[in-house]
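Fold and geometry: a report
Letter by letter, the chains look like this.
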Amino acid sequence: MKYIETIDWMFSQLPMFQRQGKMAFKKDLTNSIALSKHLNNPEKQFKSIHVAGTNGKGSTSHIIASVLQEAGYKVGLYTSPHLKDFRERIKINGKVIRKIDVINFIKKNKSFLLRNKLSFFEMTVGFAFDYFAKQKVDIAIIEVGLGGRLDSTNIITPEVSVITNIGLDHTQFLGETLPEIAVEKAGIIKQEIPVVIGEFHKETFPVFKKIAQKKRSPLFLASSTIDYTYESDLKGAYQNHNIKTAIKTLNILKAKGYTISEENIKKGLQNVVKNTGLLGRWQQLNENPTVFCDTGHNKEGLNYVIRQLKAVPFEKLHIVLGVVNDKDLTTILPLFPKNATYYFCKPNIPRGLDAKKLQRECLKFELKGNTYASVDEAYKYALKNAGSNDLIFIGGSTFVVAEIV
């Protein structure tokens, strides 16, 4: 099998949530544990940090990885979803895995994967853990895929558990209320392992406190214990929350004996993109007209992004917008400005919402514009219509941004 054939085969196995939604969600860790045993428990062969949360978990994971790289550690980084290439999910010191490693893992383990009906996500997590163990990383930053308690990554015992924040996203799997979702995320809290909560919320913090006490896990709230921040190459104002969460986590690692200097933290924060290859977080793509994209896609994430938009000077605003079909549009569309020209499009995945349907829903909120056959076409028309002092924003879904960056 060649690389593209291998990836196509992985995608064609039991559905992956990011592309197909609810039918891909599994409600236990049986397969993950079975694959780990088959691979000789690789997750027990390296130290790790486990990062969950509704928003900010990707950025926080990349910030922690960048600082630890500056401190001289060999750092594994597992994140999802990918934007351009599957290999973005599994990196060591910012370098993606080789194509041959993907091919060889599937080739070697294919009969087991088929026999046990492993999903795309389950096999990918097992592969990442196997790769990090074989490459002898000093530490790996592991981002939760969905939720926490039943996520395939939740077979590790980390140095620190991190929960960035809680919002109403993926309610069809995780619960309809913030406390219910908090219980799922808190599933990554392990016995006597420190846990960092990024942001305080009166409905969710008591949930974390209760579970941490039960497990005798020291609990730290980053937003109230870190009152300073640093300059970073991640430019969204919302990154301040993620920076504080990362700093608190790094301070706990220092207390555990990791060597991390003030200079490592400063340099790590200034070079997140260079060190880790992070894409799509308030990323500027063009000047004259100014073009920004951001992967924010739920109420909390988009709230920060729209606030950021309003801080940028412009004459006219153009928004290239696409979403997935299981998104509750009544929670996100009221956030968008009415004084913009919209370019509606469908991200090129099975889960993408038809552009005409999106246009109809947006009209209910006085958001007006035309529909386009693809994200690329929508962006081209926005560029064509925009003056040099205008602002174009591309977003609504990770998958819209993936087609542009």
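What you see is a predicted model, and the numbers here were worked out from it, not measured in a lab.

Among the 5 residues that make up strand E12 (residues 340-344), 4 are buried, leaving the element largely enclosed by the rest of the structure. The sheet contact formed by strand E11 (residues 317-321) and E12 spans 5 bridges and is parallel. If you follow Val320 over to E12, its bridge partner there is Tyr343. At this point the chain moves from E12, through helix H16 (residues 355-363), to the parallel strand E13 (residues 369-371), and the crossover so formed is right-handed.

Detail in the predicted coordinates should be disregarded across regions flagged by low pLDDT. Across the protein, the average pLDDT comes to 92, with 95% of residues at 70 or higher. Between residues 17-21, whose pLDDT stays under 50, and residues either more than four places distant or in other chains, the model counts 23 contacts.

Looking now at the side chain of Arg89. With respect to the secondary-structure elements, Arg89 resides in the loop between strand E2 (75-78) and strand E3 (90-92). Glu88 is the oppositely charged side chain nearest to the buried, salt-bridge-free Arg89, at an N-O distance of 7.6 Å. A polar atom in the side chain of Arg89 sits 2.8 Å from the side chain of His82.

What follows covers unusual backbone geometry. Backbone torsion omega between Ser80 and Pro81 reads -5 degrees, so that peptide bond is classified as cis. Locating Pro81 in the fold gives a position in the loop between E2 and E3. With an omega of 0 degrees, the peptide bond between Asn288 and Pro289 qualifies as cis. Mapped onto the secondary structure, Pro289 falls in the loop between strand E9 (283-286) and strand E10 (290-293). Of note in the backbone geometry, Asn93 takes a positive phi value of approximately 45 degrees without being a glycine. With respect to the helices and strands, the residue Asn93 is situated in the loop between E3 and strand E4 (95-96).

For the rest of this paragraph, the subject is the sheet that holds E2. Spatially, E4-E3-E2-E5-E1-E6-E7-E8 is the arrangement adopted by the 8 strands of the open sheet, whose pairing is mixed. Every interior strand has two partners, whereas the edge strands, E4 and strand E8 (219-221), have only one. Bridge count for E3 against E4 is 2 bridges, and the pairing is antiparallel. In the strand pairing of E4, Ile92 is matched with Lys95. Where helix H9 (residues 205-214) meets the sheet, its contacts fall on strand E6 (160-163), strand E7 (195-197) and E8, and the angle it forms with E8 comes to roughly 155 degrees.

Since the α-helix packs 3.6 residues into each turn, any two residues three or four apart lie on the same face. Among all positions of helix H1 (residues 3-12), only Tyr3, Thr6, Ile7, Trp9, Met10 and Phe11 are buried. Residues of H1 that are buried make contact with helix H5 (99-115) and helix H6 (120-134).

This paragraph deals with the sheet that holds strand E14 (residues 391-395). The strands making up a sheet associate through backbone hydrogen bonding, with each pair oriented either parallel or antiparallel. The strand order across the open sheet built from 6 strands is E9-E10-E14-E11-E12-E13, with neighbouring strands paired in mixed fashion. In this open sheet, the two edge strands, each paired with only one partner strand, are E9 and E13. Averaged over all neighbouring strand pairs, the angle between strand axes comes to 20 degrees, with direction disregarded. Sheet topology places E9 next to E10; 3 bridges connect them, and they run antiparallel. Counted as the bridge partner of Gln283 is Cys293 from E10.

The next point concerns the pattern of salt bridges. This model, assessed by the stated rule, comprises 9 salt bridges. We note a salt bridge from Arg98 to Asp101, for which the minimum N-O separation is 3.1 Å. With relative accessibility at 15%, the residue Asp101 sits in the buried group. A salt bridge links Lys134 to Asp130, with the nearest nitrogen and oxygen atoms 2.9 Å apart. Here Asp130 and Lys134 lie together in helix H6, a separation of 4 residues that amounts to about one turn.

Looking now at the packing of aromatic side chains. Taken as a whole, this structure holds 17 aromatic pairs when the rule is applied. When the ring of Tyr73 is compared with that of Tyr258, the centres are 5.6 Å apart and the planes differ by 50 degrees; the resulting orientation is tilted. Taken together, the residues Tyr73 in the loop between helix H4 (57-70) and E2 and Tyr258 in the loop between helix H11 (239-255) and helix H12 (262-270) connect sequence positions 185 residues apart. Of the two residues examined, Tyr73 and Tyr258, each falls in the buried class. Judged by centre distance (6.4 Å) and plane angle (75 degrees), the rings of Phe336 and Tyr342 are edge-to-face. Judged by its relative accessible area of 4%, Phe336 is buried. Relative accessible area serves as the criterion here: at 0%, Tyr342 is assigned to the buried category.

Counting residues in hydrophobic clusters, the biggest one holds 35 residues, and the most contacted among them are Met10, Phe86 and Phe132. Counting only elements with at least two residues in this core, the list comes to H1, E3, H5, H6 and strand E5 (139-143). The element contributing the most residues to this core is H6, with 10 residues. What Phe86 contacts, discounting residues up to four positions off in sequence, is Tyr3, Ile7, Met10, Ile97, Val102, Phe120, Thr124 and Phe127. Judged by nonpolar contacts, the second largest core, of 31 residues, contains Val67, Val162, Tyr230 and Leu278.

About the thresholds
Residues numbered from 1 in each chain as written. Predicted model: local features only at pLDDT ≥ 70, side-chain atom pairs only at ≥ 80, totals over all residues. Heavy atoms only, no water. Buried < 20%, exposed > 50% of the residue type's maximum accessible area, 1.4 Å probe, protein only. Helix = DSSP H or I, 4+ residues; strand = E, 2+ residues; numbered from the N terminus. Pairing = 2+ DSSP bridges. Right-handed = clockwise from strand over helix to strand, strands pointing away. pLDDT = per-residue confidence, 0-100. Contact = heavy atoms within 4.5 Å. Lys, Arg positive; Asp, Glu negative; His and termini not counted. Salt bridge = Lys/Arg side-chain N within 4 Å of Asp/Glu carboxyl O. Polar contact = N/O pair within 3.5 Å; in protein donor to acceptor, adjacent residues only side chain to side chain. Axes fitted to C-alpha atoms, helices over the stretch in contact; angles between N-to-C directions. Phe/Tyr/Trp six-rings, centres within 6.5 Å; stacked < 30°, edge-to-face > 60°. Core = buried A, V, L, I, M, F, W, Y, C linked by side-chain atoms within 4.5 Å.

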